[in-house]
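# Structure at a glance
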Amino acid sequence: MTGPKVIVFTCNWNAYNGLETAGAQHSRYSPSVYPLKVMCLGQISPGIILKAFENGADGVLLLGCPLDECHFEFGNRRAEEVFQEARKLANLLGYRNEQLQLDWLAAGDGQGFVEKIEHFLAGLYEGQRQP
Amino acid sequence: MKPVLEFVDTHKLWYCLDCGKCGAACPISRHETRTFTSPRTLIEKAVHCGMDEVMDEPLFWSCLTCYRCSQVCPSDVHFSEFMRSARSLARGHDRSGDCTHGGMIQTWGRMMTNPDMRQNRLSWVTSDLKFSEDSDTLYFVGCMPYYDPLFRKLGVEGVEIAQAAVRILNHLGIKPQILADERCCGHDQLWEGDLDTFRALAGLNITQLKASGAKRIVTTCPECARTLKMDYPEYVGDHGLEVIHLAQLLADAGLDLPPQADDGLVTYQDPCRLGRHLGVYDAPRQVLFDIGLELVEMPHHAATSLCCGTSCWSACGQVSKSIQVERLEEARATGAETLVTACIKCQIHFKCAQNDPLLGERVGIKIQDLTTLVAGRLFGDTKRNPKQEVPVVSR
């Protein structure tokens, strides 16, 4: 295992499609990144996010649809609310902002998927260096 | 693993006379319309049928452990304690209650068992609050900072209660200690049968409490008070500190504030943990009298008080809602302007029920914690806008 353990929640319609494209393009990213597909990012709860941290994740990245492109119309707005709530709780529990991030990804953007993962991992490494 | 019959013995279930008083008093039995369930039925199954039958009883995970049945029981059967023990047994059968809020409250409880965890829980501390590391009094904050972001949208007072408590203590000449890495007291874990988590949390808290050098713990949460006072010594170890709820301290302090012209009547919700569990009925009422408010009692009050409908963040549903609505209607019928409670969970559950647009004015009554009410009387209305959030900063 190399690097910090990261759980990436991807929505089925855009972000996961980006991940599949990255796979089809044979792009590389850290093997310690575990993508988990959910039908819509709006269906996850702060409880699930905390559960990932409880089970040993160093970081959790939420990848949803771009604004106004949610397959279920309001899913990414709901995801934003959940993210804000989860971030406050994670902060209280001693986690840094870099360890929980929300981002979006367009369908078919394989390169974007890899870049976002690398950017997130860079943030985690940066945070680890700080006292 | 202990067989269920051992707990039947320990908690005196053999003494059940089958009189049915518990079923008439139990809030769950009265509101559970889908099936019949009562403490008596469950006891019968525990005595005659064994653990499998007991675990399938609807009351098994929904019992509020509110002591209402114990209060009417002529045989002194310890039903709530039996539920606590039987639930720990059920964990061995891979059973657990239905956790509400996506299980997050149970999750952060388990996360706090990590001894290396460094929390960031003091962002509610403002510069006007005075603390002292050598104080004899330690203020045990409880999960207030965590409930704050979670239930702010319901208009629940979260950290205001903690801020008000310290302000009041300062006013009484006490600069309390607080713990930067206080853990959840473990109340919910204990009553849900998760003894491993409870023992781990209690162990970490006891170490910190002993190291603090304090002699007295003050809480604003009845569940923390009960757990620290009664359950830590029984299950884990004695911390040797006196434990009181802030209402008791305030009653002893004897505040003497005059009534104000625009005061409305208030009514008081006895939290089960403070009332029936710890027997503290008079202190909060004395405090309300001392700050110049007129109290009007609901038909069910003190020992016969009704629970707020949910316990341990599990098994919340239609039955809980029915209990909450019954209680809020009762409070409203008194003509009181404010329903005062001394437990943040009562406030969360009642405000959640009030959030139902279909219920509307039927359940409309202002709900406030005793602590912020007293602070408001002492220092003027210092309450923040309920929608305004406390910034939580990342480390």
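Nothing here was measured: the structure is a model prediction, and the numbers come from that model.

### Quick word on the overall build of chain B
Along chain B, the regular secondary structure elements total 20 helices and 6 strands. Scaling as 2.2 N^0.38, a compact globule of 395 residues should have a C-alpha radius of gyration of about 21 Å, and chain B matches this with 21 Å. Overall, chain B is about 60 × 50 × 35 Å in size when its C-alpha atoms are taken along their principal axes. Taking all 395 residues of chain B together, the buried fraction comes to 61%. Taking the contacts inside chain B whose residues are at least 6 apart along the sequence as the reference set, 80% of them involve residues at least 24 apart. About 15300 Å² of surface is accessible on chain B, with carbon and sulfur atoms providing 51% of the total. Each charge class in chain B was averaged separately, 42 positive and 50 negative side chains, and the resulting centres sit 2 Å apart.

### Focus: the sheet that holds strand β2 (residues 33-38) of chain A
Residues and elements named next belong to chain A. Pairing is parallel in the open sheet, where 4 strands are placed in the order β2-β1-β3-β4. The two strands at the open ends of the sheet, each matched to only one other strand, are β2 and β4 (100-104). When strand polarity is set aside, the average angle formed by the axes of neighbouring strands in this sheet is 20°. As paired strands, strand β1 (residues 6-11) and β2 are joined by 6 bridges and run parallel to one another. Of the residues in β2, the one forming a bridge with V8 is P35. Contacting β1, β3 (59-64) and β4, helix α2 (residues 46-54) runs over the sheet at an angle of about 145° to β3. Across the sheet, helix α3 (residues 75-92) is in contact with β3 and β4; its angle to β4 comes to roughly 160°.

### Describing α2 of chain A
For α2 of chain A, the set of buried residues is P46, G47, I49, L50, A52 and F53 of chain A. Buried residues belonging to α2 of chain A abut β1, β3, α3 and β4 of chain A together with α9 (104-111) of chain B. Backbone geometry just downstream of α2 of chain A places G56 of chain A in the positive-phi region, at approximately 105°.

### Quick notes on the interface of chain A and chain B
With 17 residues of chain A at the contact, the number on the chain B side is 22 residues. Both faces considered, chain A and chain B share a buried interface measuring about 1700 Å² in area, 65% of it formed by carbon and sulfur atoms. The largest share of the area that chain A buries against chain B comes from K88, L92 and L93 of chain A, three residues that together contribute 38% of it. Counting the contacts that link chain A with chain B gives 2 salt bridges. For E54 of chain A, the salt bridge identified is with R110 of chain B, shortest N-O distance 2.6 Å. Across the contact surface, chain A and chain B share 4 residue pairs in polar contact (both at pLDDT 80 or more). Of all the secondary structure elements, the ones that give two or more residues to the side of chain A that touches chain B are α2 and α3 of chain A. With 6 residues, the single largest contributor to the side of chain A that touches chain B is α2 of chain A. Tallied by class, the residues present in the side of chain A that touches chain B amount to 7 nonpolar, 5 polar and 5 charged.

### Digging into the pattern of salt bridges
All names here are of chain B. In this structure the tally under the stated criterion is 32 salt bridges over all chains. Across the salt bridge formed by R95 and D56, the nearest N and O atoms sit 3.2 Å from each other. In this pair, R95 is assigned in the loop between α8 (79-91) and α9 and D56 in helix α5 (residues 51-56), connecting sequence segments 39 residues apart. The class for D56 is exposed, based on a relative accessible area of 54%. Linking R167 and D128 is a salt bridge whose minimum nitrogen-to-oxygen distance equals 3.3 Å. With R167 in helix α11 (residues 159-171) and D128 in the loop between α9 and β1 (137-140), this residue pair connects regions lying 39 residues apart in the sequence. D128 gets classed as partly exposed once you look at its relative accessible area, which sits at 40%. Through salt bridges with shared partners, one network takes in R84, R226, D231 and E234.

### What to know about the nonpolar core
By size, the foremost hydrophobic cluster in this structure holds 81 residues, and its most contacted members are I49, V60 and L93 of chain A together with W108, W124, Y139 and V374 of chain B. Residue contributions to this core peak at 8 residues, all from α11 of chain B. By size, the runner-up hydrophobic cluster in this structure holds 46 residues, among which are C26, V47, C66 and L359 of chain B.

### Remarks on the packing of helix α13 (residues 195-212) of chain B against helix α14 (residues 222-236) of chain B
All names here are of chain B. Direction vectors running N to C along α13 and α14 enclose 110°, while the axes themselves pass 10 Å from each other. Taken together, the axes of α13 and α14 lie roughly perpendicular to each other. Along its contact with α13, which presents L195, F198, R199, L201, A202, G203, N205, I206 and L209, the element α14 presents T227, L228, D231, Y232, Y235 and V236. Considering only residue class, the contact of α13 with α14 consists of 10 nonpolar, 3 polar and 2 charged.

### Quick look at the pairing of β1 of chain B
Residue and element names in this part refer to chain B. Residues of β1 alternate between two faces, with T137 and Y139 on one and L138 and F140 on the opposite face, all of them buried. Here β1 pairs with strand β2 (residues 216-219) via 4 bridges, running parallel. Across the sheet, residue Y139 finds its bridge partner in β2, namely V218.

### With respect to a nonpolar patch on the surface
A cluster of nonpolar residues, W13, M39 and F72 of chain A, forms a patch on the protein surface that exposes about 280 Å² of accessible area. For F72 of chain A, a relative accessible area of 37% translates into the label partly exposed.

### What about the environment of P176 of chain B?
Note on placement: P176 of chain B falls in the loop between α11 and α12 (187-191). In the structure, P176 of chain B is positioned 41 residues away from S135 of chain B in sequence and 5.7 Å away in space, judged by C-alpha atoms.

### A few points about helix α1 (residues 15-24) of chain A
All names here are of chain A. Within α1 the residues assigned to the buried category are A15, G18, L19, T21 and A22. Along the axis of α1, the buried residues cluster in a sector spanning 160°; they form a single face. Once α1 finishes, H26 follows within two positions and takes phi at roughly 55°, a positive value.

### A short note on the packing of aromatic side chains
All told, the structure shown has 11 aromatic pairs over all chains when counted by the stated rule. A ring pair is formed by Y29 of chain A and F113 of chain A, whose centres lie 5.4 Å apart and whose planes are at 75°; its orientation type is edge-to-face. Of the two residues, Y29 of chain A sits in the loop between α1 and β2 while F113 of chain A sits in helix α4 (residues 110-129), which places them 84 residues apart along the sequence. Judged by relative accessible area, which is 29%, Y29 of chain A ranks as partly exposed. For the pair Y147 of chain B and F151 of chain B, a centre-to-centre distance of 6.0 Å together with 55° between the ring planes defines the contact as tilted. Taken together, the positions of Y147 of chain B and F151 of chain B, both in helix α10 (residues 144-151) and 4 residues apart, correspond to about one turn of that helix. Grouped by ring-pair contacts, the aromatic residues W108, Y146, Y147, F151 and W313 of chain B constitute a single cluster. A cation over a ring is seen here: K37 of chain A above Y16 of chain A, with NZ or CZ 4.7 Å from the ring centre. Here R273 of chain B stacks its cationic end above the ring of W191 of chain B, 5.0 Å away from the centre of that ring.

Calculation notes
- Residues numbered from 1 in each chain as written.
- Chains lettered and ligands numbered in written order.
- Predicted model: local features only at pLDDT ≥ 70, side-chain atom pairs only at ≥ 80, totals over all residues.
- Heavy atoms only, no water.
- Helix = DSSP H or I, 4+ residues; strand = E, 2+ residues; numbered from the N terminus.
- Rg over C-alpha atoms; globule rule 2.2 N^0.38 Å.
- Buried < 20%, exposed > 50% of the residue type's maximum accessible area, 1.4 Å probe, protein only.
- Contact = heavy atoms within 4.5 Å.
- Areas by Shrake-Rupley, 256 points an atom, 1.4 Å probe, with all protein chains shown as cover.
- Lys, Arg positive; Asp, Glu negative; His and termini not counted.
- Charge placed at Lys NZ, Arg CZ, Asp CG, Glu CD.
- Pairing = 2+ DSSP bridges.
- Axes fitted to C-alpha atoms, helices over the stretch in contact; angles between N-to-C directions.
- Buried area = accessible area lost by both parts, 1.4 Å probe.
- Salt bridge = Lys/Arg side-chain N within 4 Å of Asp/Glu carboxyl O.
- Polar contact = N/O pair within 3.5 Å; in protein donor to acceptor, adjacent residues only side chain to side chain.
- Nonpolar A, V, L, I, M, F, W, Y, C, P; charged D, E, K, R; others polar.
- Core = buried A, V, L, I, M, F, W, Y, C linked by side-chain atoms within 4.5 Å.
- Parallel < 35°, antiparallel > 145°, perpendicular 65-115°, else oblique.
- Patch = residues over 30% accessible without salt bridge, like charges linked within 9 Å, V, L, I, M, F, W, Y side chains within 5 Å.
- Arc of directions from axis to C-beta.
- Phe/Tyr/Trp six-rings, centres within 6.5 Å; stacked < 30°, edge-to-face > 60°.
- Lys NZ or Arg CZ within 6 Å of the ring centre and 35° of its normal.

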